[in-house]
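Structure assessment
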Amino acid sequence: MTEYSVSRATFDDVMVPNYAPQKVVPVRGKGSRIWDQEGKEYIDFAGGIAVNALGHCHPELVKNLKSQADKLWHLSNVYTNEPALALAQALTEVCFAEKVFFCNSGTEANEAAFKLVRKYAYDHTGPEKHEIISFNSSFHGRSLFAVTVGGQPKYCEGYAPVPAGVTHLPFNDVEALKAAISDKTCAIVLEPIQGEGGVIPATPEFLQAARELCDQHNALLVFDEVQTGVGRTGEFYAYMNTGVVPDILTTAKSLGGGFPVGAMLTTTEVANSFGFGSHGSTYGGNALACSVALAAITLINDDQLLANVSGKHQLFRRELESINDEFGVFTEIRGKGLLIGAELTPEWHGKGKEFLAAAAEEGLMMLVAGPNVLRMAPSLIIPDDDIRQGMAALKRAVAKIVQN
Ligand SMILES: *Cc1c(COP(=O)(O)O)cnc(C)c1O
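Residues numbered from 1 in each chain as written. Predicted model: local features only at pLDDT ≥ 70, side-chain atom pairs only at ≥ 80, totals over all residues. Heavy atoms only, no water.

Along its length, the protein chain carries 13 helices and 17 strands. For 404 residues, the compact-globule formula gives about 22 Å, and the C-alpha radius of gyration of the protein chain, at 21 Å, lands near that figure. Overall size of the protein chain, expressed as C-alpha extent along the three principal axes, is 60 × 55 × 45 Å. Among the 404 residues that make up the protein chain, the fraction classed as buried is 52%. Placing the 33 positive and 46 negative side-chain charges of the protein chain at their respective mean positions leaves the two points 3 Å apart. (Helix = DSSP H or I, 4+ residues; strand = E, 2+ residues; numbered from the N terminus. Rg over C-alpha atoms; globule rule 2.2 N^0.38 Å. Buried < 20%, exposed > 50% of the residue type's maximum accessible area, 1.4 Å probe, protein only. Lys, Arg positive; Asp, Glu negative; His and termini not counted. Charge placed at Lys NZ, Arg CZ, Asp CG, Glu CD.)

Positionally, T228 belongs in the loop between β10 (220-224) and β11 (248-251). Here T228 is in contact with P192, I193, T233, A238 and L339, once residues within four sequence places are set aside. (Contact = heavy atoms within 4.5 Å.)

Below, the discussion takes up the site of the ligand. Neighbouring the ligand are the residues S105, G106, T107, N110, F139, H140, G141, E191, D224, V226, Q227 and K253. Here an oxygen atom of the ligand and a backbone polar atom of G106 are 2.9 Å apart. For the ligand, a nitrogen atom lies 3.3 Å from a polar atom in the backbone of F139. For the ligand, whose accessible area on its own is 390 Å², the fraction buried by protein is 82%. No other element matches helix α5 (residues 106-124), which puts three residues into the shell around the ligand. (Near = heavy atom within 4 Å. Polar contact = N/O pair within 3.5 Å; in protein donor to acceptor, adjacent residues only side chain to side chain. Areas by Shrake-Rupley, 256 points an atom, 1.4 Å probe, with all protein chains shown as cover.)

Checked against the element boundaries, T185 lands in strand β7 (residues 185-190). Excluding its chain neighbours within four sequence positions, the residues that come into contact with T185 are K129, E131, I133, A180, H217 and A219.

Now for the environment of A112. Considering the arrangement of structural elements, one finds A112 in helix α5. A relative accessible area of 0% places A112 in the buried class. Along the primary structure A112 and E93 are separated by 19 residues, whereas in three dimensions their C-alpha atoms are 21 Å apart. Setting aside residues up to four positions removed in sequence, A112 forms contacts with F101, M264, F274 and H279.

Attention now goes to the pairing of strand β2 (residues 33-36). The side-chain alternation of β2 yields two buried faces, one formed by R33 and W35 and the other by I34 and D36. Bridge count for strand β1 (residues 26-30) against β2 is four bridges, and the pairing is antiparallel. What sits directly across from G29, in β2, is I34. Here β2 runs beside strand β3 (residues 41-44); their pairing, made up of three bridges, is antiparallel. From the neighbouring strand, R33 faces β3, where its bridge partner is I43. Hairpin remark: β2 followed by β3, antiparallel, with four residues in the connecting loop; positive phi at G39, about 85°. (Pairing = 2+ DSSP bridges.)

Turning next to the nonpolar core. Counting residues in each nonpolar core, the largest one holds 86 residues, and the members touching the most others are L91, I188, L190 and M366. Built from parts of two domains, this core gets at least three residues from each of domain 1 (8-58 + 303-403) and domain 2 (72-300). With 23 residues, the next largest nonpolar core counts F114, A121, V149 and L220 among its residues. (Core = buried A, V, L, I, M, F, W, Y, C linked by side-chain atoms within 4.5 Å. Domains from an automatic or database assignment.)

Read from one edge to the other, the open sheet built from four strands follows the order β13-β14-β17-β16, with strand pairing classed as antiparallel. Sheet topology places β13 (330-336) and β16 (367-368) at the edges, where each strand pairs with a single neighbour. Pairing analysis gives two bridges linking β16 to strand β17 (residues 373-376), with the strands arranged antiparallel. Each residue of the ladder has a partner; that of L367, found in β17, is R375.

Let us look at a nonpolar patch on the surface. Together, L72, L75, V78 and Y79 line one region of the surface with nonpolar side chains, adding up to about 390 Å² of accessible area. By the secondary structure assignment, Y79 is in the loop between α3 (59-69) and α4 (82-94). (Patch = residues over 30% accessible without salt bridge, like charges linked within 9 Å, V, L, I, M, F, W, Y side chains within 5 Å. Salt bridge = Lys/Arg side-chain N within 4 Å of Asp/Glu carboxyl O.)

The residues that UniProt annotates with the feature "binding site: pyridoxal 5'-phosphate" (unreviewed entry) are G106, T107, F139, D224, E225, V226, Q227 and T282. A maximum C-alpha distance of 25.0 Å is found for the annotated residues, which run over 177 residues; spatially they are spread out rather than grouped. Within the annotated group just given, the residues that line the second largest pocket are T282. By secondary structure assignment, the location of G106 is in helix α5. (UniProt positions renumbered as here; feature names shortened; annotations may be inferred. 1 Å grid on protein atoms, 1.4 Å probe; cavity = no way out; pocket = protein on both sides within 12 Å on 5 of 7 lines; lining within 4 Å.)

Spelled out as structure tokens, the structure:
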């Protein structure tokens, strides 16, 4: 094989410019640590955007990937396979769902969900029942249907015409929801905690109202748990301590622990509207992906691990509060488990990216959620010591920015 000599500059030469990655190129990861081409070490609070739930190169996942790699990678859905069946069985055991559809990403899981809610209404009521209600600042992925249902107009700009029949309402506004829902509504779609939109938790009353209104109007409730799912909040799925059960749940990101895989989970009754030939995916249920995902969720669905997530949340919160006591840069620290947002004070609005770059300089990788919120979504098993060291790096970064 040809050896290519590549660097960050290569990105600008050969990549479509839809991303603007940080200056360095990571080459290796272990647990919650990463090393770049120069050998510089980083603590990872980004977790590949809530994906590397067991850190980098977890030995169990590596072992599983390697052993499946010697057996069988891919068949397509003309045949089924053991890892896909086992993963589906495990997912139906761990949550409300009775049926599983596999795909490769969060977007695709949502695409399946949005098509299914329309199809279910079409089958049971008729084509006029097709309206989807979603919420401002929500995020559901980047396909045309997903950006249309998503509540961030900037992601639709330039792509019109977009699919019709989608209404956006203010998040956590029960009265607005009551006023907007009708018998033409086929589904309400929401994230239990809006991730990309700024780490904004749904209120318990809002979730309860969404459930009741769906029941009254014969609409389906869809929870997009692509970011909140698979242990992220300290529950296996975030819905589990809300008292509200959705009809459809979409899951991806942490599901594969870093291997691309997504799934749409639902009940048998709803699943029946996806009859033979109604939807599909060549890669969905890929044996290699499902094998890694099964190993990942087996490790994550562990009472001790999940309890530790809440403990680590407290440590993050304390450390962020102590940075804030000194520098006063945050208005609020919010989120649940290891999905944490720190909103910047108005003085620093629009400057999230600067904090990210300064943190990288100090050896810390983290995320933003919009221009005003610093976001952290690390490995669920990040050692407490890595949290403290990462926070020390963040403190140095904040000090540099504030003192400039
Ligand atoms: C990341 C994300 C998606 C999109 O997932 P992809 O794997 O990037 O397609 C959808 N919904 C939510 C809530 C997400 O956080």
